[in-house]
Amino acid sequence: MTVTADYHSHTTYSHGKGSIADNALAAKEKGLDYLAITDHAVRHPFIGVNPKKLDEIRADMDRVQQEFPDVKLMLGLEANILGSAGEIDVKPQDAEKLDILLAGYHLTSFPYRFADYFKITFNALTKYVMKSTKAQIARNTSMFVRAIKNHKIDVLTHPGFRLDIDYSEVGKVCADYGTYVELSSRHRTPDENSIEQLLNTDCQFVLNSDAHKPQNVGCCDFALELVGKYDIPASRLANVDHKVLTLRSKS
Ligand SMILES: [Zn+2]
Ligand SMILES: [Zn+2]
């Protein structure tokens, strides 16, 4: 089983270390068919991509694409899931400019509504010292479920990073709506307690590097470890052995 696409990488357009060309070269050297450039969306403080820049990034990508015809480049963003109503910071008219839309929860991206600081952000800040309560897990889960139902998200990034969720419920809604669940080598999520709950649903997975440096593009070691340890069949993995992703955002 070989990973032949990486749908999650960052560049200097947010806080990655390399350019689109640097990531494309790394993808070529790893023999990837596809590479998505998915910098953080606008509500990521200081580094998020202003949607007004999308045309410029697309033009840059088109130039790089000519240099690397063997690797199909895709323009994406990693949206922030922002609050209990499942809001994300990529508007539909901006999502139309993208080839792929990722979304995940990041502690540093502040919610739109003040009440969510106490509900969501507080839990994310304290999760590693205070066990999440059932009410907190239910609230986090509801936020993820609403985000997936309300927005055409192709890939849910690093579920379980920063916030505890009910994986059975999130896996089921991802399966129902056609959103892939990421096996994240950067954040080492989902963890071993969660993967079995996800495997009991019908969700599909994508193995991603979430590379912030060119040398990490295509590096999916942790994801492959999970695949081996839990014997996840290739039929549930979207980006191995030259398969092509089915994009919900383009349907
Ligand atoms: Zn992320
Ligand atoms: Zn990322």
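So, here is what we can say about the structure in this document. (Residues numbered from 1 in each chain as written. Chains lettered and ligands numbered in written order. Predicted model: local features only at pLDDT ≥ 70, side-chain atom pairs only at ≥ 80, totals over all residues. Heavy atoms only, no water.)

1. A closer look at the packing of helix α6 (residues 167-177) against helix α7 (residues 192-199)
Thought 1: Close contact between α6 and α7 brings their axes to 8 Å; oriented N to C, the two are set at 45 degrees. Considering their axes alone, α6 and α7 lie oblique with respect to each other. Once α6 is placed against α7, the crossing between them reads as right-handed. Seen from α6, the contacting residues are Y167, S168 and G171; seen from α7, they are S194, Q197 and L198.
Thought 2: In terms of residue class, the contact of α6 with α7 is made up of 2 nonpolar, 4 polar and no charged. (Axes fitted to C-alpha atoms, helices over the stretch in contact; angles between N-to-C directions. Helix = DSSP H or I, 4+ residues; strand = E, 2+ residues; numbered from the N terminus. Parallel < 35°, antiparallel > 145°, perpendicular 65-115°, else oblique. Left-handed = near helix turned anticlockwise from the far one by under 90°. Contact = heavy atoms within 4.5 Å. Nonpolar A, V, L, I, M, F, W, Y, C, P; charged D, E, K, R; others polar.)

2. Quick look at the side chain of N208
Thought 1: Checked against the element boundaries, N208 lands in strand β7 (residues 205-208).
Thought 2: For N208, a relative accessible area of 0% corresponds to the buried category.
Thought 3: A distance of 3.0 Å separates a polar side-chain atom of N208 from the backbone nitrogen of Y7.
Thought 4: A distance of 2.9 Å separates polar atoms of two side chains, one belonging to N208 and the other to E182.
Thought 5: Filtering out sequence-adjacent residues up to four positions away, N208 remains in contact with D6, Y7, H8, V155, E182, L183, S184, S185, C219, C220 and N239. (Buried < 20%, exposed > 50% of the residue type's maximum accessible area, 1.4 Å probe, protein only. Polar contact = N/O pair within 3.5 Å; in protein donor to acceptor, adjacent residues only side chain to side chain.)

3. Re the coordination of the zinc ion (ligand 1)
Thought 1: At the metal site, the zinc ion (ligand 1) is ligated by E78 (OE), H106 (NE2) and H158 (NE2), and these contacts range over 2.1 to 2.2 Å.
Thought 2: In primary-sequence terms, the residues that donate to the zinc ion (ligand 1) follow E-x27-H-x51-H.
Thought 3: Here the zinc ion (ligand 1) and the zinc ion (ligand 2) are spaced 3.4 Å apart, linked through E78, which binds each one. Taken together, the residues span a long stretch of sequence, with E78 in strand β3 (residues 72-80) and H158 in the loop between β5 (155-156) and α6 at a distance of 80 residues.
Thought 4: With a relative accessible area of 0%, E78 lands in the buried category. (Donors = N, O, S within 2.8 Å, 3.2 Å for Na, K, Ca; no water.)

Everything listed here is a matter of coordinates, which is why it stays silent on function.
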